Each structure stands twice: as structure tokens, then as C-alpha cells.
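# Fold and contact review
Okay, here's what each chain looks like letter by letter:
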Amino acid sequence: MKDDEILAKISKGDETALDYLYKKYYRMMTKIVLSNNGTEEEAKDVFQEALIVFWQKAVSGNLVMTSKISTFLYSICLNQWRKELDRKSRLSNEEKDGEEFQEHDAEEKARIIQECIGDLGDICKKLLTYYYFDGMSMNDIAEKLQFANTDTAKTKKYKCMKRLDLLIRSRYKEEDFLD
Amino acid sequence: MSNTDFKELIEQYLTGTISDGNKAVLESKLASDVSLRAEMKTQSDMVSGLKEFRKAELKTRLDNVPLEVGVLGTLGQSAVVKVAATVGTAILLVGGMYYFSEEAVDPAPEIGQMNPITSFEQDKTAPDIAFKELPSVETPAKPVEHKQQFASVTSTSSATAAEDIPDVAVPAAEEITPTFEKPTVAEFETDVEFEVEAVGKEDALAESDPIEINKPIDIEVKSEAGNSNKLQYQFYEERLYLYGNFEEIPYEILEINSKDGKRIYLFHQDVYYKLSYPTKKISTLEKVTNEDLLSELKIFRDNKALN
């Protein structure tokens, strides 16, 4: 598959293009990490992150490609791994202190939110994640999810957010009570 | 500006589409309006959660993408064959089954010094061997851009024939008549039967650009029956020696040549081992524990079986 074919697929939100890129460049990209003091797991993680960043940019139409996809991915991987090495060295130099309770609380809330999203219907999940993460337009979402039109998508999005909000509120309070 | 308008601004803020002017308006309102701040926090938590959810979903998807191509080189998948050829990746699978009764292996100097064979008896009393997955050992990459590198598997006596490789598919087991050098380690006897298989070479070549074939690397595989369950190996002068109880239990050598170097894995009694290549020391076989790698190797072996 050529780069422009891949980009065309991604712009339609076709995730098989992601699989293709993952397979095609796995070895090349993980090598960056593996040959720079990283483990296989870290290498995989960096490449996945990079690919997802690329996906996000490409699917939302915020990407103007001036280079080959492989070059682009390579530079993201390189940057991500540099950042990670940086973070690691900072962590080892810093003493961890305080704020653990607050962190715990935030983690707990994040966990509950994940649960609630998981409990949403399939359409809501897709609609909201396509909109907020992939950055797809309401028009594209309406097309992909076969809604009648953009307005239907907007209305559904509003309802889904409302539903998620209610789910979180009820469950977060519940957990508070249990604590 | 009405409340609804501010909610709209929050939405724009969270999707990164807010203008600088509106951002300033929103921020000053947030500073004074507690309930709007709460609304902002709720929305922002949900959006972060949704982003995280989607990211995890995509990662799970990627985790499930079969990687036999990416990790282990390229084999028989037409879409990537060309890439494989250009980056110089070739894979050979060698399945072997060895029986030993009469002769022993070439005694490498190290064997004498390290005495791995006689140590089998002692090892029997040793506690379970703790296998440990070492960080993957990168073998020196050769400059093989636009060249195909092959490894040939030969019996001790068979000649290396580089020019034959692209055409030769699978040497029949009967054709190989291995002759081993005079044994010096008397207690080991060998009677060797080879089953050698090379898979995918033609596929890899089929769509490739003209390829200059590098001198193939000879790997000779010998094994010795040991009395212990301890499995050890050694590379000496480009030959692989296996020490351990391989008697009557089939095992397979998975040899992967890529531009990143040579990787060799051994499959024996449902366990995959990674061989660090080249290592001149006699080493204990390391179990492969990385689950991703394991599933790649399984797929790889299955593909080989299908071919």
C-alpha cells in the first residue's frame, strides 16, 4: 500500500490501515528503542504511542504530510523515547514525596470513569471517542456511524455525554459512600 | 454571554478549537464562577477519560495484530515481500530431528575446558534450573542493504553452495549424509538423521528486486545425548552444538536472518529457547518468556508446518 492510499484509508477512519502500518514498521521502529537501552516492551509501547499520535493527526485531518509516513513515525518514536529516557533519569534523581493521597483519589476517579465509559452503549462509545480522541468531524462521524445527518450526530453526542455524566455521578458518589 | 455560551466555550476549549479571545473570556469567567469551574472539571474529566479509553482500545487492537512479519522478518506475505527483499531479510527455518548412538561431536577447545558433558551427571542433583530471559542480544548487523542474506544449513560434510540456494528448496533428509569427525568424547555416540527444511525462500525472492547474494553462513547443528535434563548450547566456529537430552525428542531450530542480525531460537518439548548468537561459551538455554515473542514464534512455527 502506498502512503497516499494509507492516508486515504485513515481519513475515512479505517483502522485496518493502522494494523498495516503496525505490522510493516514494527521491526524498524522498535529497533530505535532496542538499540538505545530499551526493552522489547518499552519499544512496543513507544511505537504504539507514536502510531496512535500519527493516527490522531491523520484521522482528524490535521496532518500535512511533507515526508514519508515512515520518516514521520521514525521521528515521533525517536522523540518519544528521548522523552521517556529523560523522564526515567528525572525519576531516579527525584525523591518521591507527598501527594500520594491526592493521586490515589484521582486514580480512583479515573478508574470509575473508565468503567462508566465501558458501560455506555456501543454507539455512544464510538461517537464520543471518535469525536474527542480521533478528532473526527460530526459530519464524518455521522457518515461512519450511519446517522441520518450531522444534526442527529450532534444530538446523540449531547445525550451520550449526559448519560456518561449521570453514570459517573451515581457511581462516584456510591464509591464515596463505601469509603 | 449566557451560560449555554460558556458551555459551548468549554467544549471548544476541550477540543482545542477555542480562539485566543474566547479563551481569555472563558478563563476570566472561570476564575469567578465556581459552578462553571465545576462544570469545566466534570467535562474535562470525561473528555480525558474518553481519550484514555480510545487510546487503550487502539492499543489493544495493535496488540492483537499478528506480527510474524514485523518481528521476525518477512515471509510469504506478498504485500511485504518486496520490502523484505529490499531491507535484506531472509528467513530460514530448520527443523531437525536427531538421534545419537555412535559418534560424538567435534571437540571444541572449550568443551574440554568447561567439561559440559561430564557435568551432566552432577547437574542431575542440582535444583531446578532457573531460566531467565535475558535482554535480547543484538548481534552485529551486517551492511546488507539491498542484499539478501541466506543461511544454509548443512550437515557436517555437505558443501556450501551459495549459488544453489535460491533454487534449492528443501533438501531431502535422505540426501544428507552427515559424517562427523572422529569422536574424542567416547561416551557419546551418534547416529544422526537430518530433516532439514527451508521455508519461504522462493516466496521472499519472488517479487524482489535483483538480489546480490551474500556468502551464506554455515550453521551446523549437532547434538549430544546427555543424561541430565539440563540443556546447554554453544556456538563454535559457526557451528551450533547442543548438549542435553535431545534423544528421540524432536526439536526444531528456528533461524532468522535479518538486517538486524541473526536470531536463533530452539523449540523443544513445547518450550522455546533463545540462543544468543554468537556465543562461544557453553551456555544454558534461556527460555523465551516474553509473551509477544512467544506468540510470534508459535505463529512462525505453525506457518512453517503449513508450508
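Numbers given for residues are sequential positions, taken from 1 along each chain in its written order. As a convention, the first chain written is A and the first ligand written is 1, with the rest following in written order. Predicted model: local features are reported for residues with pLDDT of at least 70 only, side-chain atom pairs are reported and counted for 80 or more only, and whole-chain, interface and lining totals are derived from all residues. Side-chain numbers come from the whole structure's heavy atoms, not from hydrogens or water.

### Structural notes on helix 2 (residues 16-34) of chain A
In an α-helix, one full turn covers 3.6 residues, which means residues spaced three or four apart are oriented alike. Residues and elements named next belong to chain A. Secondary structure elements are defined from DSSP: runs of H or I of at least 4 residues count as helices, runs of E of at least 2 residues count as strands, and each element is numbered from the N terminus. By this rule, a helix spans an expected 1.5 Å times one less than how many residues it contains. Taking 1.5 Å per residue, 19 residues should reach 27 Å; helix 2 reaches 26 Å between its end C-alpha atoms and fits that length. One axis is fitted to the seven residues ending at the residue and one to the seven starting there. The bend at that residue is the angle between these axes. Along helix 2, the largest kink reaches about 60 degrees and is centred on tyrosine 26. The cut-offs for exposure are 20% and 50% of the maximum accessible area for each residue type, with area from a 1.4 Å probe on protein chains only; residues under the lower value are buried, those over the upper are exposed, and the others partly exposed. When you tally the buried positions in helix 2, you get 14 out of 19 residues, the bulk of the element.

### Structural notes on the nonpolar core
Residues Ile10(A), Leu21(A), Phe47(A), Phe54(A) and Leu164(A) are the most contacted members of the largest nonpolar core, which totals 72 residues. The contact criterion used throughout is that any non-hydrogen atoms of two residues lie within 4.5 Å. Those residues in contact with Phe54(A) that sit more than four places away from it in its chain are Leu7(A), Ile10(A), Leu21(A), Leu63(A), Met65(A), Ile69(A), Phe72(A), Leu73(A) and Ile76(A). Put simply, a nonpolar core is a bunch of buried Ala, Val, Leu, Ile, Met, Phe, Trp, Tyr and Cys residues held in one set by side-chain atoms that sit within 4.5 Å of each other.

### Some words on the packing of helix 1 (residues 3-14) of chain B against helix 2 (residues 20-32) of chain B
Residue and element names in this part refer to chain B. As a rule, the C-alpha atoms of each element are fitted with a line to give its axis, helices using only the stretch in contact, and angles between N-to-C directions run from 0 to 180 degrees. One can describe the packing of helix 1 onto helix 2 by two numbers: an axis separation of 10 Å at closest approach and a directional angle of 115 degrees. Relative to helix 2, the crossing made by helix 1 is left-handed. The residues of helix 2 that touch helix 1, namely those facing Phe6, Leu9, Ile10, Gln12 and Tyr13, are Asn22, Lys23, Val25, Leu26, Glu27 and Lys29. Left-handed describes a crossing whose near helix is turned anticlockwise from the far helix by less than a right angle; the clockwise case is right-handed.

### Some words on the pattern of salt bridges
Residue and element names in this part refer to chain A. Any carboxyl oxygen of Asp or Glu within 4 Å of a side-chain nitrogen of Lys or Arg constitutes a salt bridge here. In this structure the tally under the stated criterion is 25 salt bridges over all chains. Its salt-bridge partner being lysine 9, residue aspartate 14 comes within 3.8 Å of it at the nearest N-O pair. Using a relative accessible area of 26% as the deciding quantity, one classes aspartate 14 as partly exposed. Here glutamate 108 makes a salt bridge to arginine 111, at a shortest N to O gap of 2.7 Å. Here the residue glutamate 108 and the residue arginine 111 both occupy positions in helix 5 (residues 100-119), the gap between them amounting to 3 residues, near one helical turn.

### Digging into the confidence of the model for chain B
Residue and element names in this part refer to chain B. Overall, the predicted model of chain B reaches an average pLDDT of 61, with 40% of residues at or above 70. Looking at any residue, its pLDDT shows the predictor's confidence there, from 0 to 100. Mean pLDDT values over the elements of chain B span from 37, in strand 4 (residues 212-213), up to 94, in helix 3 (residues 34-63). Note that residues 69-217 has pLDDT below 50 and, in this model, 320 contacts with residues that lie over four places away or in other chains.

### Section: the environment of Thr30(A)
Residue and element names in this part refer to chain A. On the secondary structure map, threonine 30 appears in helix 2. Separated by 47 residues in the primary sequence, threonine 30 and cysteine 77 place their C-alpha atoms 8.3 Å from one another. Leave out the neighbours within four places in its chain, and threonine 30 touches Ala43, Lys44 and Phe47. By the criterion applied in these results, polar contacts are pairs of N or O atoms within 3.5 Å in which, for protein atoms, one can donate a hydrogen and the other can accept it, and in which residues neighboring in sequence qualify only through two side-chain atoms. At 2.7 Å, the side chain of threonine 30 forms a polar contact with the backbone oxygen of tyrosine 26.

### Points about the interface of chain B and chain A
Residue-level contacts link 31 residues of chain B with 39 residues of chain A. Summing both sides of the interface, chain B and chain A together bury roughly 3700 Å²; the carbon and sulfur share of this comes to 62%. Counting the surface chain B buries against chain A, the share from its top three residues, Leu50(B), Arg54(B) and Leu62(B), is 18%. For the pair chain B and chain A, the interface holds 11 salt bridges. One salt bridge in this structure joins Arg61(B) and Glu15(A), with 3.2 Å as the shortest N-O distance. Between chain B and chain A we count 14 residue pairs in polar contact (both at pLDDT 80 or more) in total. At the level of elements, helix 3 and helix 4 (68-72) of chain B are the ones that each hand at least two residues to the side of chain B that touches chain A. Tallying contributions element by element places helix 3 of chain B first for the side of chain B that touches chain A, with 17 residues. Using a 1.4 Å probe, buried area is obtained as the accessible area two parts lose upon being combined, added over both of them.

### Comments concerning the packing of aromatic side chains
By convention, a stacked pair of Phe, Tyr or Trp rings (six-membered ring in the case of Trp) has centres within 6.5 Å and planes under 30 degrees apart, an edge-to-face pair has planes over 60 apart, and any other such pair is tilted. Under the counting rule described, the total for this entry stands at 6 aromatic pairs over all chains. Seen from their ring centres, Phe267(B) and Tyr272(B) are 4.7 Å apart, and the 50 degrees between their planes marks the pair as tilted. Residue class for Tyr272(B) comes out buried when judged on its relative accessible area of 3%. Feature note: the residues Tyr22(A), Tyr26(A) and Phe47(A) constitute an aromatic cluster, connected by ring pairs.

### A few points about the state of the cysteines
Residues and elements named next belong to chain A. Here, the term disulfide refers to a pair of cysteine sulfur atoms separated by no more than 2.5 Å. Scanning all chains against the criterion turns up 1 disulfide over all chains. In this model, cysteine 124 is linked to cysteine 160 through a disulfide, with the two sulfur atoms separated by 2.0 Å. In this structure, the disulfide formed by cysteine 124 and cysteine 160 twists by about -80 degrees around the S-S bond and is classed as left-handed. Highlighted residues: cysteine 124 in helix 6 (residues 122-134) and cysteine 160 in helix 8 (residues 150-178), separated in sequence by 36 residues.

### Quick notes on the side chain of Lys44(A)
Here Lys44(A) shows up in helix 3 (residues 40-59). We classify Lys44(A) as buried; its relative accessible area is 8%. Within the structure, the side chain of Lys44(A) is placed 3.0 Å from the side chain of Asp63(B), a separation counted as a polar contact. When neighbours within four sequence positions are excluded, Lys44(A) is seen to be in contact with Tyr22(A), Tyr26(A), Thr30(A), Asp63(B) and Asp292(B).

### Focus: helix 3 of chain A
All names here are of chain A. The end-to-end C-alpha separation of helix 3 is 28 Å, in line with the 28 Å expected for 20 residues at 1.5 Å each. In terms of residue burial, helix 3 counts as a mostly covered element, since 15 of its 20 residues are buried. Glycine 61 lies just past helix 3 and shows a positive phi near 75 degrees.

### Points about unusual backbone geometry
Residue and element names in this part refer to chain A. Despite not being glycine, asparagine 37 shows a phi value in the positive range, around 65 degrees. Along the chain, asparagine 37 falls in the loop between helix 2 and helix 3. Classification of asparagine 37 by relative accessible area gives exposed; the value is 70%. With a phi close to 55 degrees, glutamine 146 is a non-glycine residue in the positive phi region. Counting through the fold element by element, glutamine 146 comes out in the loop between helix 7 (138-144) and helix 8. Residue class for glutamine 146 comes out exposed when judged on its relative accessible area of 71%.

### Overview of the environment of Ile112(A)
Positionally, Ile112(A) belongs in helix 5. In this structure, the C-alpha to C-alpha distance between Ile112(A) and Leu167(A), residues 55 residues apart in sequence, is 9.4 Å.

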